[in-house]
Amino acid sequence: MVILNPEIDERTVAPNLDKFLKVITNDGGTIDNVDIWGRRRLAYEIQKKSEGIYAVVNFTATSEATQELDRQLKLSESVMRTKVLRAEEAIAQVAAEAQRAAEKAARPAKAAQPAKA
């Protein structure tokens with residue numbers, strides 16, 4: 001996941017990402033999916049900004065190419081934050097979050113039921 005500076009034009013997000021993703025393709029990796037979510041409100045301010053442009057990229061690459069991509073993204077001034085996860089870790093995090101949400105939704109339902117005598 002990449003969070004870009006909201007001051008850049010949203011039409012330039014894909015070309016900007018392509019420059020970085022060439023690291024992956026030049027090393028023999030593949031770009032599986034690029035999902036640009038657009039401008040979203042941040043949970044907390046980053047660099048005194050309350051919004052950012054989110055993009056999620058799924059790719060297959062070597063460890064070295066992934067580290068180089070992460071390094072180049074962190075050096076770019078237009079990139080506010082990055083997070084690189086292995087697919088297994090991301091799937092586990094999504095599953096854990098879904099389980100927490102289901103448990104949280106079940107708690108009020110139990111509390112609303114009257115006690116049996």
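Our subject is the structure listed above.
First things first, this report covers the structure right here in the doc. (Residues numbered from 1 in each chain as written. Predicted model: local features only at pLDDT ≥ 70, side-chain atom pairs only at ≥ 80, totals over all residues. Heavy atoms only, no water.)

Counting residues in hydrophobic clusters, the biggest one holds 15 residues, and the most contacted among them are V2, L4, V13, L17, L69, L73 and V79. Counting residues per element, the ones that place at least two in this core are strand 1 (2–4), helix 1 (13–26), strand 3 (49–60) and helix 2 (63–75). Top contributing element to this core by residue count: helix 1, with five residues. Dropping the residues within four chain positions of it, L17 is found in contact with V2, V34 and A55. (Core = buried A, V, L, I, M, F, W, Y, C linked by side-chain atoms within 4.5 Å. Buried < 20%, exposed > 50% of the residue type's maximum accessible area, 1.4 Å probe, protein only. Helix = DSSP H or I, 4+ residues; strand = E, 2+ residues; numbered from the N terminus. Contact = heavy atoms within 4.5 Å.)

Okay, the pairing of strand 2 (residues 30–46) next. Here strand 2 pairs with strand 3 via eleven bridges, running antiparallel. Along strand 3, the bridge assignment pairs G38 with Y54. In textbook terms, the turn of a hairpin is the stretch between consecutive antiparallel strands, and for strand 2 and strand 3 this stretch comprises two residues, one of which, Q47, has a positive phi near 55°. (Pairing = 2+ DSSP bridges.)

Glancing now at unusual backbone geometry. Even without a glycine there, the phi angle at Q47 is positive, about 55°. Along the polypeptide, Q47 turns up in the loop between strand 2 and strand 3.

Right, let's talk about the sheet that holds strand 3 for a bit. Ordered in space as 2-3-1-4, the four strands form an open sheet in which the pairing is antiparallel. Every interior strand has two partners, whereas the edge strands, strand 2 and strand 4 (79–82), have only one. Direction aside, the axes of adjacent strands within the sheet are offset by 25° on average. Here three bridges tie strand 1 to strand 3, and the two strands are oriented antiparallel to one another. (Axes fitted to C-alpha atoms, helices over the stretch in contact; angles between N-to-C directions.)

Turning our eyes to something else, we now look at the pattern of salt bridges. According to the stated counting rule, one finds six salt bridges in the structure shown. A salt bridge links R71 to E68; its shortest N-O distance comes to 2.8 Å. Here the residue R71 and the residue E68 both occupy positions in helix 2, the gap between them amounting to three residues, near one helical turn. Residue classification places E68 among the partly exposed positions, given a relative accessible area of 26%. Here K74 and D70 are joined by a salt bridge, their closest N and O atoms 3.4 Å apart. Taken together, the positions of K74 and D70, both in helix 2 and four residues apart, correspond to about one turn of that helix. For D70, a relative accessible area of 19% corresponds to the buried category. (Salt bridge = Lys/Arg side-chain N within 4 Å of Asp/Glu carboxyl O.)

By themselves, these figures tell us nothing about what the structure is for.
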